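A closer look at the structure
If you want the building blocks of each chain, they are given just below.
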Amino acid sequence: MKRRSCGALRASDDGARAELCGWVHRRRDHGGLIFIDLRDRDGITQIVFDPQHTAFGDAEHLRNEDVLRVRGRVRKRPEGTENAKLATGAVEVAVDELEILNRSQVPPFQVNLDENPEESLRLEYRYLDLRRPRMQRNLTIRHRIIKAMRDFFDEHEFIEIETPMLIKGTPEGARDYLVPSRLYPGTFYALPQSPQLLKQICMIAGFGRYMQIARCMRDEDLRSDRQPEFTQLDVEMSFSSQEEVLEVMESCMHFVWKRVLGVELAPFPRMGFAYAMERYGTDKPDLRFGLELARVGDLFASTEFAVFASALSGGGEVVAVRYPGGAALSRREFDALVDEAKHLGAKGMVWVALGSDGAKSSAQRFVGEEHAKSIAQRLGAERGDALLLFADERDAAFAVAGKMRSEVGRRCGLRRNDAFAFCWVTDFPYLEIDEETGKPTPAHHPFTAPAEGEWDLIERDPLRMRAQHYDMVLNGYELGSGSIRIHKPELQRRIFEMLGMSREQVEEQFGFFVRALDYGAPPHGGMALGIDRIAMIACGEENLHEVIAFPKTQTARDLMMDAPSPASEKQLRELHLSVPKKKER
């Protein structure tokens, strides 16, 4: 007798004997019969215990999550009792042999319900949470995404090369996780934030086309779309242009979405960084809906409204967002929207309701009917809509307007989880100002090549320099970044000098890499995409926890294993480390 999965039996199996193994998903008693929904990864099969069989006595004591092996006859369900929601819903198994492989304690939450328990409870009992069909579906989709990626790159003659997990620490924009060396006291390995330099060295080594499903670690503050350890698709290509890298990576996404989700993607639109910031207020635009931003400061050039006048006289801007149907909001709802805008970083917000009897505004004296008509024309707004206005320093005004655009999209039901709006963002500035130090720092990383023809700006005006850097964006999330790299050692040294690094600093941090460039490095470029985020969006989820088997909490803890945890005195002595004792209060 062949063991079958709990999702395999069909009406064509009527009359056959079958063996099933799985967990008790649900138990029901009906008219002297006991019905069990038996569950495994592949699905659910209804099994039936009849009082005439000896197995019935043991079945009376079964409870949810007990582990069973059963044998019996497959039969069609009585007419009218079929379950169209299950692939196995046309049949059941009449059990005549039951083996209880293991008993389960009463679970701390119901595994067989769709609703989510409290998150800390889910993470503490992750082995139970992962039994839930939703989680099994998500991790299966994640597996298929990674499998499709490997298949795509194999077909395009890339080879997967594993890079080490214990490396030299290099500045990548976040803190390293450090691993003390037992054999070399006082020295440390770093866990890789990415295999950036190693994959470039693979190009110098002549491999030409590299890919890797890479595990990476960054010791940084967490968000719903970020974890301290994550998985990314890393790709690097020799003798490639930016256009060639974009073509390969876009083709990969088309392949993955078609194979895994059965979705045909449209060509990815492209936009420059400056265009994205002005139309969407972010370099990660959500293109599932329109509602593009509009500058309207020129309409208030002679305004007496102090809020607008102050912003404009200081070189700032007034930026407007359309709220479809927003004119129907009550005064209290508009007040709540203003509070939300302040929560998003706005100093304030002026609203205009385009009602059927004319325009009404929170600043009626300064923003009247004529202003409303002109703003509505720029935004493509109609009667029944609302206009939301933000005045501030230019970048700040666009940024907060972009956040409110996203919030309006959510409120209007425009951010659908079953829609996939990819795009490319290119032409990034090479440098940005670090908020903590006030000094210029690479917007991507210092191995990125400046835009063609802009090397001379290093001495004249480095803040105007653009990078051969590109981002892939999906539904308002940055999936990943890439760039064409610097492949000549003298040019790499110029970038380090521009960043204020001394020769000693360059040698200490990057000496091995610059020396490698001296030995005939080819032109090359590549990209990395976050697999966790890709899986999250593909599964229609909004939190990475739903697509990672064993995630950390927002405070970087593993509740199931209780990690991080203290090391023993013996371990600390072997690593030549000491930990300060906590002071007693």
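Refer to the preceding data block for the structure.
Structural notes, computed from the coordinates. It should be emphasised that the depicted structure is a prediction, and the values quoted were computed from it without experimental measurement. Residue numbers run consecutively from 1 along every chain, following the written order of its sequence. For this predicted model, a pLDDT threshold of at least 70 governs which residues receive local features, and a threshold of 80 or more governs which side-chain atom pairs are given and counted, while totals over whole chains, interfaces and linings are taken from all residues. Side-chain descriptors were evaluated using all non-hydrogen atoms of the structure, hydrogens and water having been removed beforehand.

With that settled, consider the overall build of the chain. The secondary structure listing takes helices from DSSP runs of H or I that are at least 4 residues long and strands from runs of E that are at least 2 residues long, numbered from the N terminus. Check the secondary structure of the chain and you find 16 helices and 23 strands. Taking the principal axes of the C-alpha coordinates as reference, the chain spans close to 90 × 75 × 65 Å. Burial classes: relative accessible area under 20% of the type maximum marks a residue as buried, over 50% as exposed, and values in between as partly exposed (1.4 Å probe, protein chains only). A burial count over the chain gives 47% of its 585 residues as buried. Taking all contacts inside the chain whose residues are at least 6 apart in sequence as the whole, residues at least 24 apart take part in 66%. Only carbon and sulfur atoms are counted for the fraction: they give 49% of the accessible area of the chain, which is about 29,800 Å². The chain carries 81 positive and 92 negative side-chain charges, and their two centres are separated by 3 Å. Between two residues, a contact is recorded if the distance between any of their heavy atoms is within 4.5 Å. Methods summary: accessible areas were calculated by the Shrake-Rupley approach with a probe of 1.4 Å, and residue burial reflects only the protein chains presented. His is not counted, nor are the chain ends; Lys and Arg add positive charge and Asp and Glu add negative charge. Charged side chains are reduced to one point each, which is NZ for Lys, CZ for Arg, CG for Asp and CD for Glu.

Moving on, we come to the side chain of E19. Turning to its location among the elements, E19 is positioned in strand 2 (residues 17-30). Accessibility expressed as a relative area gives 10% for E19, which makes it buried. We call two N or O atoms a polar contact when they sit within 3.5 Å, provided that within protein one can donate a hydrogen and the other can accept it, with sequence-adjacent residues counted only if both atoms are side-chain atoms. Within the local environment of E19, its side chain forms a polar contact with the side chain of R71, the two groups lying 2.8 Å apart. Every residue in contact with E19, bar those within four places of it in the chain, is listed here: M1, K2, R3, R4, R69, V70 and R71.

For the rest of this paragraph, the subject is the nonpolar core. Generally speaking, a soluble globular protein has its nonpolar side chains buried in company with each other. Of all hydrophobic cores here, the largest spans 45 residues; its most connected members are L233 and M253. Here this core gets 10 residues from one element, more than from any other, and that element is helix 6 (residues 242-261). Dropping the residues within four chain positions of it, L233 is found in contact with M149, F153, M211, Q212, I213, M249, C252, M527, A528, L529 and I531. Among buried residues, those of type Ala, Val, Leu, Ile, Met, Phe, Trp, Tyr and Cys that are joined through side-chain atoms within 4.5 Å constitute a nonpolar core. Counting 24 residues, the second largest nonpolar core, distinct from the first, contains L293, V338, A341 and M404.

Let us now look at the environment of N112. Topologically, N112 is positioned in the loop between strand 6 (91-102) and helix 2 (119-124). Overall, the relative accessible area of 12% leaves N112 in the buried class. C-alpha separation for the pair N112 and H25, spaced 87 residues apart in sequence, amounts to 6.0 Å. In this view, N112 contacts H25, R26 and N64; residues no more than four positions away in its chain are not counted. At 2.7 Å, the side chain of N112 forms a polar contact with the backbone oxygen of H25.

Pairing is possible between side chains of opposite charge, provided their charged atoms come close. One side-chain nitrogen of Lys or Arg within 4 Å of one carboxyl oxygen of Asp or Glu is enough to make a salt bridge. Applying the stated criterion across every chain yields a total of 56 salt bridges. Taking the shortest distance from any N to any O, the salt bridge between D129 and R122 comes out at 3.0 Å. Taking relative accessible area as the criterion, R122 reaches 3% and is therefore assigned buried. The residue R416 makes a salt bridge to D418 at a minimum N-O spacing of 2.9 Å. Its relative accessible area of 45% is what places R416 among the partly exposed residues. Each of R17, E19, R69, R71, D96, E97 and E99 takes part in salt bridges that share partners, so that together they form one network.

Moving on: the pairing of strand 21 (residues 469-474). With 6 of its 6 residues buried, strand 21 lies for the most part within the structure. The side-chain alternation of strand 21 yields two buried faces, one formed by H469, D471 and V473 and the other by Y470, M472 and L474. Here, strands pair whenever DSSP counts at least two bridges between them. Inspection of the sheet shows strand 18 (residues 422-426) paired to strand 21 by 4 bridges, in the antiparallel sense. Paired with W424 across the strands is M472, a residue of strand 21. In terms of strand pairing, strand 21 meets strand 22 (residues 477-484) through 6 bridges, oriented antiparallel. Following the sheet pairing, D471 is matched in strand 22 by S481. Count of turn residues in the strand 21/strand 22 antiparallel hairpin: 2 residues, of which N475 carries a positive phi of about 55°.

Note: strand 1 (residues 3-4) against strand 2, 2 bridges, orientation parallel. Bridging across to strand 2, R3 finds its partner in E19. Two strands pair when backbone bridges link them, and strand 2 and strand 5 (residues 67-76) are joined in this way by 7 bridges, in the antiparallel orientation. Paired with C21 across the bridge in strand 5 is R69. Count of turn residues in the strand 2/strand 3 (residues 33-40) antiparallel hairpin: 2 residues, of which G31 carries a positive phi of about 50°.

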